[in-house]
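# Analysis of the macromolecular model
These are the residues of each chain, in order.
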Amino acid sequence: MQNIRLDYYAARACMAAATDAPVERLRNLMDNHIESVDTDGVKVFVGDTPSHNVAVFHMDQDIGKVTFRQLMQSIKDAPVESKINPYQIAEDLMDKWTFVSPAAFSAVNTIHYTQAQDDGKSKPWLFTGHGTGGQLAQLAAATFMPATLITFGSPNAGGELLLEQVDDACMWTRWEVVGDWTANLPLRLWNTKGGCSRYITEDGELELKPKSTFFRPQDWFQRAPMNLYHDWIEESLQN
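If you're wondering where the values come from, they're calculated on a predicted model, not measured in any experiment.

### Some words on the pairing of strand 7 (residues 196–200)
With four of its five residues buried, strand 7 lies for the most part within the structure. Two strands pair when backbone bridges link them, and strand 6 (residues 170–177) and strand 7 are joined in this way by five bridges, in the parallel orientation. Looking at strand 7, one finds that Glu176 is bridged to Tyr199.

### Describing the environment of Gly179
Looking at where Gly179 falls in the secondary structure, it is placed in the loop between strand 6 and strand 7. Looking at Gly179, the relative accessible area reads 16%, which means it is buried. Along the backbone, Gly179 and Tyr199 are 20 residues apart, and their C-alpha atoms lie at a distance of 9.7 Å.

### Considerations on helix 2 (residues 22–29)
An α-helix turns once per 3.6 residues; consequently, residues spaced three or four apart project the same way. For helix 2, the complete set of buried residues consists of Pro22, Leu26 and Leu29. End-on, the buried residues of helix 2 take up no more than an arc of 45°, which puts them together on one face. Structural note: helix 2 exposes Glu24 and Asn28 on the side pointing more than 90 degrees away from its buried face. Buried residues belonging to helix 2 abut helix 1 (4–17), strand 1 (34–39) and strand 2 (42–48).

### A short note on the packing of aromatic side chains
Inspection of every chain in the model, using the stated rule, returns eight aromatic pairs. Geometrically, the ring pair formed by Phe57 and Trp97 is tilted, given 6.4 Å between the ring centres and 45° between the ring planes. Linking Phe57 in strand 3 (residues 53–59) with Trp97 in helix 4 (residues 91–119), this pair joins segments that are 40 residues apart in sequence. This pair shows no difference in class: Phe57 is buried, exactly as Trp97 is. Geometrically, the ring pair formed by Phe127 and Phe144 is stacked, given 6.3 Å between the ring centres and 25° between the ring planes. Of this pair, Phe127 sits in strand 4 (residues 125–130) while Phe144 sits in the loop between helix 5 (132–143) and strand 5 (147–152), and the two are 17 residues apart along the sequence. Residues Phe127 and Phe144 agree in their burial class; the two are buried. Aromatic ring contacts, followed pair by pair, group Phe57, Trp97, Phe105, Trp125, Phe127 and Phe144 into a single cluster.

How each quantity is defined
- Residues numbered from 1 in each chain as written.
- Predicted model: local features only at pLDDT ≥ 70, side-chain atom pairs only at ≥ 80, totals over all residues.
- Heavy atoms only, no water.
- Buried < 20%, exposed > 50% of the residue type's maximum accessible area, 1.4 Å probe, protein only.
- Helix = DSSP H or I, 4+ residues; strand = E, 2+ residues; numbered from the N terminus.
- Pairing = 2+ DSSP bridges.
- Arc of directions from axis to C-beta.
- Contact = heavy atoms within 4.5 Å.
- Phe/Tyr/Trp six-rings, centres within 6.5 Å; stacked < 30°, edge-to-face > 60°.

Following this line, the structure appears as structure tokens:
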């Protein structure tokens, strides 16, 4: 499977970012240099490996069942395209991005320009995140292009215009567990998909281009936790 080891690295990084001691865990994955940003419930960890610069996004959220109210809110949070918001980014997501982006930009640019000065060029960037963290990773990838983007169970961060911009400039792998409705939110944009989707089916198989029947949810409003992706990819590497 192409780039599966990079996907596994991204899954490990997302798992580490969600733990109580993420910086220490992430240091084991990255080189010693790592910048940590924690703003308004959003965490960003920026570091580098021998092959990539890495930015891991994590937004505090409850992992469990999506309530009917959340589904209705997801419809409201998908604004129509306008001159003020041509990318159709939800208001609450844009608020989070506005708070965290200056510090994230500073951390990214510090590594980027230091490497350019030392070696004449910087390493390629990998942006990753799970759920709403993956939405922020999409916005980061649209800003720092070109890049590799790997998301896990993440809704669209915006409408078709944003997805086109990300697809044009990024190698985007979009992991989803079949039946996880989180990745199909907001509902008004569920027909619009960016990236190359990899679907883990309920019988433990991988479908690159599933038929519509694969979207039949086992538990309609159940969200898929990060460990499902991590464990599946780890097991696939061992086989």
